Amino acid sequence: GAVVSQHPSRVICKSGTSVKIECRSLDFQATTMFWYRQFPKQSLMLMATSNEGSKATYEQGVEKDKFLINHASLTLSTLTVTSAHPEDSSFYICSARDTGTGTYNEQFFGPGTRLTVL
Amino acid sequence: GNSVTQMEGPVTLSEEAFLTINCTYTATGYPSLFWYVQYPGEGLQLLLKATKADDKGSNKGFEATYRKETTSFHLEKGSVQVSDSAVYFCALIYSPGYALNFGKGTSLLVTP
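The rules behind the values
Residues numbered from 1 in each chain as written. Chains lettered and ligands numbered in written order. Predicted model: local features only at pLDDT ≥ 70, side-chain atom pairs only at ≥ 80, totals over all residues. Heavy atoms only, no water. Phe/Tyr/Trp six-rings, centres within 6.5 Å; stacked < 30°, edge-to-face > 60°. Helix = DSSP H or I, 4+ residues; strand = E, 2+ residues; numbered from the N terminus. Buried < 20%, exposed > 50% of the residue type's maximum accessible area, 1.4 Å probe, protein only. Contact = heavy atoms within 4.5 Å. Buried area = accessible area lost by both parts, 1.4 Å probe. Salt bridge = Lys/Arg side-chain N within 4 Å of Asp/Glu carboxyl O. Polar contact = N/O pair within 3.5 Å; in protein donor to acceptor, adjacent residues only side chain to side chain. Nonpolar A, V, L, I, M, F, W, Y, C, P; charged D, E, K, R; others polar.

Observations regarding the packing of aromatic side chains
Item 1. The tally for this structure, following the rule as stated, stands at eleven aromatic pairs over all chains.
Item 2. Between F109(A) and F102(B), the ring centres sit 5.9 Å apart and the planes meet at 70°, which makes this aromatic pair edge-to-face. Pair noted here: F109(A) is in strand β10 (residues 107-109) and F102(B) is in strand β11 (residues 101-102), and the two residues belong to different chains.
Item 3. Take F109(A): its relative accessible area is 9%, and that puts it in the buried class.
Item 4. On the basis of an interplanar angle of 80° and a centroid distance of 6.0 Å, the ring pair of Y25(B) and Y66(B) is categorised as edge-to-face. Here Y25(B) is found in strand β4 (residues 23-26), whereas its partner Y66(B) is found in the loop between β8 (62-65) and β9 (75-77), with 41 residues between them in sequence.
Item 5. Under the relative-accessibility criterion, Y66(B) is labelled buried at 1%.
Item 6. Grouped by ring-pair contacts, the aromatic residues Y36(A), F109(A), F34(B), Y36(B), F89(B) and F102(B) constitute a single cluster.

Some details on the interface of chain B and chain A
Item 1. In this complex, chain B contributes 20 residues to the contact, which on the side of chain A involves 18 residues.
Item 2. In total, chain B and chain A occlude about 1500 Å² of area from one another, counting both sides; carbon and sulfur atoms represent 56% of this.
Item 3. In this structure, the connection of chain B to chain A is made through zero salt bridges.
Item 4. Our count for the chain B to chain A interface comes out at five residue pairs in polar contact (both at pLDDT 80 or more).
Item 5. Secondary structure elements with two or more residues in the side of chain B that touches chain A: β5 (32-38), β6 (44-50) and β10 (86-93) of chain B.
Item 6. Among the elements that make up the side of chain B that touches chain A, the one with the highest residue count is β5(B) (four residues).
Item 7. In the side of chain B that touches chain A, the residues fall into eleven nonpolar, six polar and three charged.

Below is the structure:
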């Protein structure tokens, strides 16, 4: 089945540093990937839509200069949290849309990355 | 706009009890509907889906029917197990290439 991986699964960093999170589709091509943020005991909030070879589309209220998204290939999207602060601590989840014909409308989720900023 | 409303949790049930988690939606057109499950410390897994009215999605004993007339997609299971303890998210997608709209999630705890 379709698998999406995220790396790292957990990261702890100091305030002011930058953190890069990778999202990979392992056995399918994904022209579109999505980045979500989940706060404790809350739902997933869409941050941005990442399209291969073009600029990401950010949701209202999400700072694009703080959350840099790059989707350089059909199997990899990265989210970089720049100058991280404690309020950026959260669970970040990516999903990838399979552009193959057999999985219409289906998205596959990565296992998430727990970011803790001290 | 498109939105999903789920019943508030947490829901606590004894093993072998019947489960219903309500989900209603508002959307223009005909979205596809999904239930995702999130086990503690893990990412989301697709539980079941339905892409058109009257479709019934089913998986692992869970079922949900796409009801256009009531704009609902309630999740049911006849006999829950302790291993079903998780957070369940109802979601919709309006069109391919768009992100999922999630409900707030319903936490389920099944006790022995």
